[in-house]
Amino acid sequence: MADLLWRPAPRSRLTAASPPRSPRWRLLPSAIILAVVALVVLIVPLVVELNEQYVDLAIANQPPSAAHLFGTDELGRDVLLRCVYALRVSLTVGVVAALISALVGTAVGALAGSIGGWFDRILMRVVDAIASVPHLLLGIVIVAILRPSLSAVIISIALTHWLTAARIVRSEVLSLRTRPFIDAAIVGGASRLQVMTRHLLPNVAPQVLLATTLMVPHAVWHETALSFLGLGLPPHAASIGNMINDAQRSLLIGGWWMSLAPGLLLIITTLAVSGVSGVWRDRLNPKRRTELTW
Amino acid sequence: MTRSIGLAALRRLAFAVPVLLVVSFALFVLAKASPFDPVERYFGVRIIGASPERVAQLRENWGVDEPVVAQYWAWLRHALAGDLGDSLSLQQPVSAVIGDRLGWTVLLVSVGFTLALVLGLVLGTLAAWRQCSWLDRSITGSCYALEAAPVFWLGLAVLYIFALQLRWLPGGGVTTGSEPVSVGGVAVHMVLPVAVLAISQAPWFVLFVRQNLLESFTQDHVIGARARGLPDHLVVSGHALRTSLLPFLTLLGARLPELITGALLVETVFSWPGIARATVEAALNVDFALLGALTVMATGVVLLGNLLADVLYALADPRVALDG
């Protein structure tokens, strides 16, 4: 009997989520990768020139080797070098599109939140309506109207991605509006515009920046998807999506390395961005710790 | 109870109808604002040889020079009567184009979605149960990696490995060569596209189930069950999972747009005869009759999915009031 009582309880893991690893260890690897990617994307094109017209059939379709780490494509161009250029194009599209959608979203969200009433309700219903159209389809429609091009892709991404920013800014503005310092500013004689630019927007800015950062990988993903469908950037512009689209043909003759590099590079960059912004998000919203621990 | 759910469903429907109207009208305006003239598209290069009378007659027949609202009203009247117009790129009525392809897409999406759900439940539960073990780490780690990978890239990788190298499974279409469509043949052809769609959608569910389970482990009824000495597997399946699965239902609806997007890309990789090919063709050829119909339809599906998810949620959890 005494034996039974003293038996140790079976080990159970049904406990609260263990606390996340210390932010530094979550931040450091992602930050380093992101810095390396940024440096490579910025500096390599200054040092090594990519000639899209360059063709060297003698070294075409070579598997990865010491000279060409990720092999060469069907025209003898180095896959890795093209990838660096492609990532540059894709990231540019992503960053510009994310910035535009953040601007549009902030404007709509701030107007809806500060004017309120019917105006707010109608704007938010419009946001809901746009949110119910699948993003990629809406993007395809916009590209079809403007014809596939760099600006069409950026516009189509920006027009489908401002909704998140608008919702965030609106809810932030709504909660800020009830705070005493806003009342103080209004009592002190500040105009609507002053309240908006001096008090509301600066307080919303961190959340908007975070949302914009999180939007960049999404926008890049969108660009690659459109380009992959043949509705994105023109075929000669090497973007990640175009490269994967080109590589599709080479797969049939066994050229796996042509699609490996662009995909891996995209995954690594995306993971690094979400790693960094995850730590950032926890710091901004300590209560809503959505970042999963692992 | 049932009555309030019915009312809530009606309210949702009342929101869905104006949304569909607004979306279709916006598409219509966009199409009109584009520099493309459907009559010129119809003639193509032949417009040089066509007589001006014939061109003028066609313009008259199609009503392209009427005001946008009048044209939209005409389109809407016909659409409600089941006539969605003709697809310029495929030279077929739009309803025929969609009718031929929709079944294939629905098949792919429904099987893929079910598989993703099962994967999400099983792996998510395992990961939460064995919190911080190597199993948890590998499941969550690969989920993050899979979430970052573009679905078409995954598709190409799977295609290369299983269809081109190992030659285990066919890598495209629904039939091999000229053999007729058969249940067994389709089932074999479906394996790879369905697997890729499910694997690309699953990570989100896995991470969600894991997170919710971990949160429910600290809830009173779970602690109570553990205190009564119930074994872990009973606590997880009988107590923790029940409460943590409720929010899962609403997510099913929220996930539909992603699912449709994923299906478009997977279909393209595996040359699946669904609506993806038609969508891309329509976009490249500025075929607004088809593209618009497809977009409005997809929006309708999303709205319907949200409605269903809400109703399911209310049925599963009587505490939820569906007002708002």
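Thresholds, definitions, all that
- For every chain, the first residue of its written sequence is number 1, and the numbers climb from 1 along that sequence.
- Working convention: letters from A go to chains and numbers from 1 go to ligands, in the order in which they are written.
- For this predicted model, a pLDDT threshold of at least 70 governs which residues receive local features, and a threshold of 80 or more governs which side-chain atom pairs are given and counted, while totals over whole chains, interfaces and linings are taken from all residues.
- Only heavy atoms go into the side-chain values, all of them from the structure, while hydrogens and water stay out.
- UniProt positions are given in the numbering used here, feature names are shortened, and annotations may be inferred rather than shown by experiment.
- A run of DSSP states H or I qualifies as a helix once it reaches four residues; a run of E qualifies as a strand once it reaches two. Both are numbered from the N-terminal end.
- The contact rule is simple, with two residues in contact once any of their heavy atoms fall within 4.5 Å.
- In short, Shrake-Rupley with a 1.4 Å probe defines the accessible areas, and a residue's cover is counted only from the protein chains shown.
- In this analysis, the expected span of each helix is defined as 1.5 Å times one less than the number of residues it contains.
- With a 1.4 Å probe rolled over the protein chains alone, any residue whose accessible area is under 20% of its type maximum counts as buried; one over 50% counts as exposed, and the rest are partly exposed.
- Patch construction takes residues with relative accessible area above 30% that form no salt bridge. Like charges are linked within 9 Å, and nonpolar side chains (Val, Leu, Ile, Met, Phe, Trp, Tyr) are linked within 5 Å.
- Basic side-chain nitrogens of Lys or Arg form a salt bridge, by our definition, when they fall within 4 Å of a carboxyl oxygen of Asp or Glu.
- Think of each axis as a best-fit line through the C-alpha atoms, taken over the contacting stretch in the case of a helix, with angles from 0 to 180 degrees between the N-to-C directions.
- Oblique is the label for every angle not falling under 35 degrees (roughly parallel), over 145 degrees (roughly antiparallel), or within 65 to 115 degrees (roughly perpendicular).
- Three residue categories are used. Nonpolar comprises Ala, Val, Leu, Ile, Met, Phe, Trp, Tyr, Cys and Pro, charged comprises Asp, Glu, Lys and Arg, and polar comprises the others, including Gly.
- Take the accessible area each of two parts loses on contact, using a 1.4 Å probe, and add the two losses: that sum is the buried area.
- Here a polar contact means two N or O atoms within 3.5 Å. Within protein one must be a hydrogen donor candidate and the other an acceptor candidate, and residues neighboring in sequence count only if both atoms are side-chain atoms.

Per an unreviewed UniProt entry, chain B carries the name Peptide/nickel transport system permease protein and comes from Lentzea waywayandensis. Chain B has a UniProt comment under Sequence similarities (unreviewed entry) that states "Belongs to the binding-protein-dependent transport system permease family." The UniProt entry for chain B carries the following comment under Subcellular location (unreviewed entry): "Cell membrane".

You'll find chain A entered in an unreviewed UniProt entry as Peptide/nickel transport system permease protein, with Lentzea waywayandensis given as the organism. Of the comments in the UniProt record for chain A, the one headed Sequence similarities (unreviewed entry) reads "Belongs to the binding-protein-dependent transport system permease family." Quoted verbatim from the Subcellular location (unreviewed entry) field of the UniProt record, the comment on chain A reads "Cell membrane".

Draft legend 1. Inspection of the overall build of chain A at higher detail. When you go through chain A residue by residue, the secondary structure sums to 10 helices and 0 strands. Secondary structure elements of chain A, listed N to C terminal, follow the sequence α-α-α-α-α-α-α-α-α-α. Partitioning the intrachain contacts of chain A with sequence separation of at least 6 by distance along the chain shows that 69% fall at a separation of at least 24. When the accessible surface of chain A is split by element, carbon and sulfur atoms take 69% of a total near 14800 Å².

Draft legend 2. Up close: helix α12 (residues 256-269) of chain B. All names here are of chain B. The end-to-end C-alpha separation of α12 is 20 Å, in line with the 20 Å expected for 14 residues at 1.5 Å each. Across the 14 residues of α12, 12 count as buried, placing the element largely inside the fold. Here α12 has its buried residues at Leu256, Pro257, Leu259, Ile260, Thr261, Gly262, Ala263, Leu264, Leu265, Val266, Glu267 and Val269. Two residues or fewer after α12 comes serine 271, characterised by a positive phi angle close to 40 degrees.

Draft legend 3. Geometry of the side chain of histidine 222 of chain A. In this fold, histidine 222 of chain A is placed in helix α8 (residues 192-228). For histidine 222 of chain A, the residues in contact, after removing those within four places along its chain, are His135, Leu136, Gly139, Ile157, Thr160 and His161 of chain A.

Draft legend 4. Structural detail: a nonpolar patch on the surface. Taken together, the side chains of Leu39, Leu42, Ile43, Leu46, Val47 and Val48 of chain A present a nonpolar region at the surface, about 620 Å² in accessible area. Considering the arrangement of structural elements, one finds valine 47 of chain A in helix α2 (residues 23-47).

Draft legend 5. Region of interest: the UniProt feature "transmembrane region" (unreviewed entry) in chain B. Residue and element names in this part refer to chain B. Under the UniProt annotation, "transmembrane region" (unreviewed entry) lies at residues 102-129, 141-166, 186-209 and 288-309. Secondary structure content for residues 102-129 is 100% helix and 0% strand, and the end C-alpha separation is 40 Å. Along residues 288-309 one finds 100% helix and 0% strand; the C-alpha atoms at either end are 31 Å apart.

Draft legend 6. Summary view of the packing of helix α11 (residues 246-254) of chain B against helix α14 (residues 288-316) of chain B. All names here are of chain B. Running from amino to carboxyl end, α11 crosses α14 at an angle of 170 degrees, the nearest separation of the two axes being 7 Å. For the element pair α11 / α14, the angle class is roughly antiparallel. Of the residues in α14, those touching α11 at Leu246, Pro247, Leu249, Thr250, Gly253 and Ala254 are Gly305, Asn306, Ala309, Asp310, Leu312, Tyr313 and Ala316. By residue class, the composition of the contact of α11 with α14 is 8 nonpolar, 4 polar and 1 charged.

Draft legend 7. Region of the structure containing unusual backbone geometry. Positive phi is not limited to glycine here, since arginine 147 of chain A has a value of about 70 degrees. Note on placement: arginine 147 of chain A falls in the loop between α5 (135-146) and α6 (150-177). Of note in the backbone geometry, serine 271 of chain B takes a positive phi value of approximately 40 degrees without being a glycine. In this fold, serine 271 of chain B is placed in the loop between α12 and α13 (275-284).

Draft legend 8. Main features of the environment of asparagine 203 of chain A. All names here are of chain A. In this structure, asparagine 203 sits in helix α8. Asparagine 203 sits in the partly exposed class, given a relative accessible area of 37%. Sequence separation between asparagine 203 and aspartate 73 is 130 residues; the distance between their C-alpha atoms is 49 Å. Those residues in contact with asparagine 203 that sit more than four places away from it in its chain are Leu176 and Phe181.

Draft legend 9. Main features of the pattern of salt bridges. Under the criterion given, the structure shown has 5 salt bridges over all chains. Across the pair aspartate 128 of chain A and arginine 125 of chain A runs a salt bridge whose closest N-O atoms are separated by 3.2 Å. Here arginine 125 of chain A and aspartate 128 of chain A lie together in helix α4 (residues 117-131), a separation of 3 residues that amounts to about one turn. Among the residues examined, arginine 125 of chain A registers a relative accessible area of 43% and is labelled partly exposed. Between arginine 210 of chain B and aspartate 136 of chain B there is a salt bridge, with its nearest N and O atoms 2.8 Å apart.

Draft legend 10. Fine view of the interface of chain B and chain A. Taken together, the contact pairs 58 residues of chain B with 47 residues of chain A. Carbon and sulfur atoms make up 75% of the area that chain B and chain A hide from each other, which totals about 4900 Å². The interface formed by chain B and chain A includes 0 salt bridges. Where chain B touches chain A, the interface holds 3 residue pairs in polar contact (both at pLDDT 80 or more). If you list the elements that add at least two residues to the side of chain B that touches chain A, you get α1 (2-33), α6 (134-148), α7 (151-165), α8 (183-216), α10 (232-244), α12, α13 and α14 of chain B. Per-element accounting of the side of chain B that touches chain A gives the leading share, 8 residues, to α14 of chain B.

Draft legend 11. Spotlight on the UniProt feature "domain: ABC transmembrane type-1" (unreviewed entry) in chain A. The sites that carry the UniProt feature "domain: ABC transmembrane type-1" (unreviewed entry) are, in the present numbering, residues 87-277 of chain A. With 85% helix and 0% strand, the stretch residues 87-277 of chain A has end C-alpha atoms that lie 20 Å from each other.

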